[in-house]
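Understanding the architecture of this molecule
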Amino acid sequence: MNRWVITLIIMAIVAAVLVVLYFLGKRAQKKQDEQEAAMEQAAQTVSLLVIDKKKMRLKDAGFPQVVMDNANLLAKRAKVPVVKAKVGPRMMVMMCDPKIFDDIPLKKEIKVSASGIYINRIISVRGGKVQETQQKKGFFKRIFSR
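Here we summarise the structure given alongside this text. (Residues numbered from 1 in each chain as written. Predicted model: local features only at pLDDT ≥ 70, side-chain atom pairs only at ≥ 80, totals over all residues. Heavy atoms only, no water.)

A few points about the pairing of strand 3 (residues 90-96)
The buried count for strand 3 comes to five of seven residues, which makes it a mostly enclosed element. With six bridges connecting them, strand 2 (residues 79-87) and strand 3 associate as antiparallel partners. Across the sheet, Val82 pairs through a bridge with Met95, a residue of strand 3. Counted along the chain from strand 2 to the antiparallel partner strand 3, the turn is two residues long, and its residue Gly88 has a positive phi close to 65°. Judged from the two bridges that link them, strand 3 and strand 5 (residues 118-125) form a sheet pairing that is parallel. Bridging across to strand 5, Met95 finds its partner in Tyr118. (Buried < 20%, exposed > 50% of the residue type's maximum accessible area, 1.4 Å probe, protein only. Helix = DSSP H or I, 4+ residues; strand = E, 2+ residues; numbered from the N terminus. Pairing = 2+ DSSP bridges.)

Side note on the packing of aromatic side chains
Evaluated as defined, the whole model comprises one aromatic pair. Pairing Tyr22 with Phe23 gives two aromatic rings, centres 5.2 Å apart and planes at 75°, and the pair type is edge-to-face. Across the ring face of Phe101, the terminal group of Lys53 is positioned such that the distance to the ring centre comes to 5.0 Å. (Phe/Tyr/Trp six-rings, centres within 6.5 Å; stacked < 30°, edge-to-face > 60°. Lys NZ or Arg CZ within 6 Å of the ring centre and 35° of its normal.)

Considering the nonpolar core
The biggest cluster of nonpolar side chains holds 18 residues, and the ones touching the most others in it are Leu48, Val83, Met94, Ile104, Ile110 and Val112. When contributions to this core are tallied by element, the ones reaching two or more residues are strand 1 (44-57), strand 2, strand 3, strand 4 (109-115) and strand 5. Ignoring sequence-local partners within four residues, the contact set of Ile110 consists of Val46, Ser47, Leu48, Val50, Ile104, Pro105, Ser124 and Val125. Membership of the second largest hydrophobic core comes to 10 residues, among which are Ala61, Phe63, Val80 and Val93. (Core = buried A, V, L, I, M, F, W, Y, C linked by side-chain atoms within 4.5 Å. Contact = heavy atoms within 4.5 Å.)

So this is what it looks like as structure tokens:
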């Protein structure tokens, strides 16, 4: 009898945690969708010459102090994709969307859609096409494709 009571209590706690995580995830997804819509609305087409690209921490990337002040502790410690580029006569450090980071060519002039210092997407590459990177196959896809 004791084991069943303990098992039911544990299952109830796990179910409650899963329900709470579901609703928090739903709220976070809604907030992210709103932020992406706002960034798309504020996006501008910019032509830039890519000098260097790396994944590094915000404090090591050389972003302005305003960016560092607005970032939370987790964002300051996480590695983000950073692109150093020449925009017009000025050198800038820009943050990039992780989905397109691998597609950005080095030492080439590209047109991007940028919102502030954040690169949303690549529009075109001068002297060529945007190379699509091949998606990595997962462990099980590699096993079952043989």
